[in-house]
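Understanding the architecture of this molecule
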Amino acid sequence: MDLIRFNAARCDLCGTCIRDCPFGALSMGERGIEVGETCRMCGLCVRRCPHKAITFEQKAGAVDKRQWRDFLIFVEQELGDIHPVAYELIGEARKMAPKVGYKVNCVLVGGEGTAQNAEKLLPYGVDTVYVYEHPGFAGFKADCYADAVADCIANTQPSSVLIGATSLGRSLAPRLSTRYHTGLTADCTTLDIQPNTDMVQIRPAFGGNIMAQILIANSRPQFATVRYRVMDRAKRVDKPTGIVARCEVTEAMVHSGIEVISSTLIEKKKTIEEAERIVAIGRGVRNEEGVELCRQLAQALGAQLAFTRPMVEQGVGDQLHQIGLSGHTVRPKLVITCGVSGAIQFTSCMNSAETIVAINSDPNAQIFGVASYCIVDDLYQVVPKLTQLLQERKED
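Each chain carries its own residue numbering, running from 1 in the written order of its sequence. Local features in this predicted model are restricted to residues of pLDDT 70 or higher, and side-chain atom pairs are both shown and tallied only at a pLDDT of 80 or more, whereas totals for entire chains, interfaces and linings draw on every residue. Each side-chain value is worked out from all heavy atoms of the structure, with water and hydrogens disregarded.

1. Re the layout of surface pockets
- A volume near 1400 Å³ is recorded for the largest pocket.
- Lining the largest pocket we find 42 residues, and of these Glu76, Glu78, His83, Ser167 and Lys268 sit closest to its centre.
- Strands here are runs of E lasting at least two residues and helices are runs of H or I lasting at least four, both read from the DSSP assignment and numbered beginning at the N terminus. Put simply, the parts of the chain that give the lining of the largest pocket at least two residues each are strand E6 (77-78), strand E8 (104-110), helix H4 (114-119) and helix H6 (167-179).
- The biggest single contributor to the lining of the largest pocket is H6, with three residues.
- Its residues assigned to classes, the lining of the largest pocket comprises 14 nonpolar, 18 polar and 10 charged.
- When its volume is computed, the second largest pocket comes out at roughly 500 Å³.
- Both site types are read off a 1 Å grid over the protein atoms alone. A 1.4 Å probe that fits but cannot get out defines a cavity, while an open set with protein on both sides within 12 Å along at least five of seven lines defines a pocket; lining residues have an atom within 4 Å of a point. What lines the second largest pocket is a set of 22 residues, among which Phe23, Thr38, Arg40, Asp147 and Ala252 lie closest to the centre.
- Every element with two or more residues in the lining of the second largest pocket is listed here: helix H5 (142-156), H6 and helix H7 (251-254).
- No other element matches the seven residues that H5 contributes to the lining of the second largest pocket. Grid points are joined across faces, edges and corners, and a volume is the space filled by probe spheres set on the points. We call Asp, Glu, Lys and Arg charged. Ala, Val, Leu, Ile, Met, Phe, Trp, Tyr, Cys and Pro are nonpolar, and the rest, Gly among them, are polar.

2. A closer look at the pattern of salt bridges
- By convention in these notes, a salt bridge is any Lys or Arg side-chain nitrogen within 4 Å of a carboxyl oxygen on Asp or Glu. This structure, assessed with the given rule, holds 15 salt bridges.
- The salt bridge involving Asp20 is made with Arg48; its shortest N-O contact spans 3.3 Å. One end of the pair, Asp20, is in helix H1 (residues 16-20); the other, Arg48, is in helix H2 (residues 44-48), with 28 residues separating them in the sequence.
- Three or more residues are tied together by salt bridges with common partners; here these are Glu92, Lys95, Asp232 and Arg331.

3. Focus on the sheet that holds E8
- Two strands form a pair only when DSSP identifies at least two bridges running between them. Pairing in this open sheet of seven strands is parallel, and the strands run E11-E15-E10-E5-E8-E9-E16 from one edge to the other. Single-partner strands in this sheet number two, and they are strand E11 (184-188) and strand E16 (243-246). Pairs of neighbouring strands in the sheet enclose a mean axial angle of 25°, with direction left out of account.
- Of the pairings in the sheet, the one linking strand E9 (residues 128-133) to E16 comprises four bridges and is parallel in character. Bridge pairing in E16 places Val129 opposite Val244. Axis angles are defined between N-to-C directions and span 0 to 180 degrees, where every axis is a line fitted to C-alpha atoms and, for a helix, only to the segment in contact.

4. Description of the packing of helix H8 (residues 288-301) against helix H11 (residues 379-395)
- Running from amino to carboxyl end, H8 crosses H11 at an angle of 25°, the nearest separation of the two axes being 9 Å. Judged by the inter-axis angle, H8 sits roughly parallel to H11. In this structure, H8 crosses over H11, and the sense of that crossing is left-handed. Between H8, through Glu289, Gly290, Leu293, Cys294, Gln296, Leu297, Gln299, Ala300 and Leu301, and H11, the contact on the second element is made entirely by Tyr380, Val383, Pro384, Leu386, Thr387, Leu390, Gln391 and Lys394.
- Each residue belonging to the contact of H8 with H11 can be placed in one class, and the counts come to 10 nonpolar, five polar and two charged. Angles are sorted into four bins: roughly parallel if under 35 degrees, roughly antiparallel if over 145, roughly perpendicular if 65 to 115, and oblique for all others. Helix crossings get a hand from a simple test, with the near helix turned counterclockwise from the far one by less than a right angle marking a left-handed crossing and a clockwise turn marking a right-handed one. Contact definition: two residues touch when any of their heavy atoms are within 4.5 Å.

5. So, the nonpolar core
- Of all hydrophobic cores here, the largest spans 36 residues; its most connected members are Ile73, Leu121, Val129, Leu162 and Leu191.
- Counting residues per element, this core draws most heavily on helix H3 (residues 85-100), at nine residues.
- In this structure Leu121 touches Val75, Ile82, Tyr87, Ile90, Cys106, Leu108, Val126 and Val129, once residues within four positions along its chain are discounted.
- Only buried residues count toward a nonpolar core, which is a set of Ala, Val, Leu, Ile, Met, Phe, Trp, Tyr and Cys residues joined through side-chain atoms within 4.5 Å. Buried, partly exposed and exposed residues are distinguished by accessible area as a fraction of the type maximum, computed with a 1.4 Å probe on protein chains only: under 20%, between the cut-offs, and over 50%, respectively. Core analysis: the next-biggest nonpolar cluster, separate from the first, contains 27 residues, Val107, Val109, Tyr145 and Ala150 among them.

6. So, the packing of H5 against H6
- One way to put it is that H5 packs onto H6 with a least axis distance of 10 Å and a crossing angle of 50°. Judged by the angle between their axes, H5 and H6 are oblique. Viewed along their axes, H5 and H6 form a crossing whose handedness is right-handed. Contact with H5, carried on its side by Ala142, Asp143, Tyr145, Ala146, Asp147, Val149 and Ala150, involves Ser171, Leu172, Arg175, Leu176 and Arg179 of H6 and no other residues of that element.
- Here the contact of H5 with H6 is composed, by residue class, of seven nonpolar, one polar and four charged.

7. Notes on the environment of Gly164
- Assignment of secondary structure puts Gly164 in strand E10 (residues 160-164).
- Using a relative accessible area of 5% as the deciding quantity, one classes Gly164 as buried.
- Each C-alpha atom of the pair Gly164 and Ala86 lies 6.8 Å from the other, and the pair is 78 residues apart in sequence.
- The contact partners of Gly164, leaving out residues within four places of it in the chain, are Val85, Leu89, Gly169, Arg170 and Val226.

Right under this line is the structure:
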């Protein structure tokens, strides 16, 4: 940690900064005061130093990339099991790892049963699964989880850290990247890695109008969050060779500034992320009659109804069933879009579907650029006929 600097000419080693550091990050070493990985860069030591001997540099300098190796994946646990996004992150890391000779490691933080969940990851080709298991980690507390994962990063020095873009991951990732004064790219849709180990992180930018390629060239580790259902799930390997490594959990790690007064388990509502068939409604569906036609098509197809952002803003649909950057990413076997123009904010979150059927009366609609089958016609004529054909097929 070279963000905090000590002026040897002014410092008399009085120890005030060590005593006042709320995170226990400062200690007396052979060459003077040393800064540990638990430093949060809060600046309290700078303000408390009676001799003004401490300075804090906001900008991190370059690091030796050769000292930072491998991928580290934070594996989230949900309702006692592994969140499925972890398997997608493992799959993506395994694609990149051979290009630079890296290993793929994971870290789990949680209460009882965490080590058992860690064993489930070994068949997917990971090398080492680091486990921080303690009753104090039961229930997500951002400060405690950040301490544990930061400890793992400090001990293993990974080149890249991948985290699922879930509610939990979006809370954890920026805390970690801030501690290391390095970059974080959120909601990546594509990842790749260069021979010099810089990870190419691709995501929609400027409201989804362009796809930006982002690199963290000078600092490490590189942090990226990835949405669920964006990437391919890892495949099992024939002969797993990975191991589970239990890590020491200190009292400082499980001590939280957050006190849980009470908690209630909220019933998880089903979203469109797991749907295999979807009928998506766009602004071309002009009225309630059109919505009902699409709903009947979805019922005949055994599909879920989904909406674009403009339709949700009009009150036609809800956010749980919204496809797009501000909604959900889907990878179903079939998507039928009805009256969807095909803005990149929408298509970037559904273009990995196996089959896309687009219905739009505008032959120049952007949606036709990603569609497998294009139907240029009035959806009020096409949708009822499709529904009828499906119903007749069921009767046969």
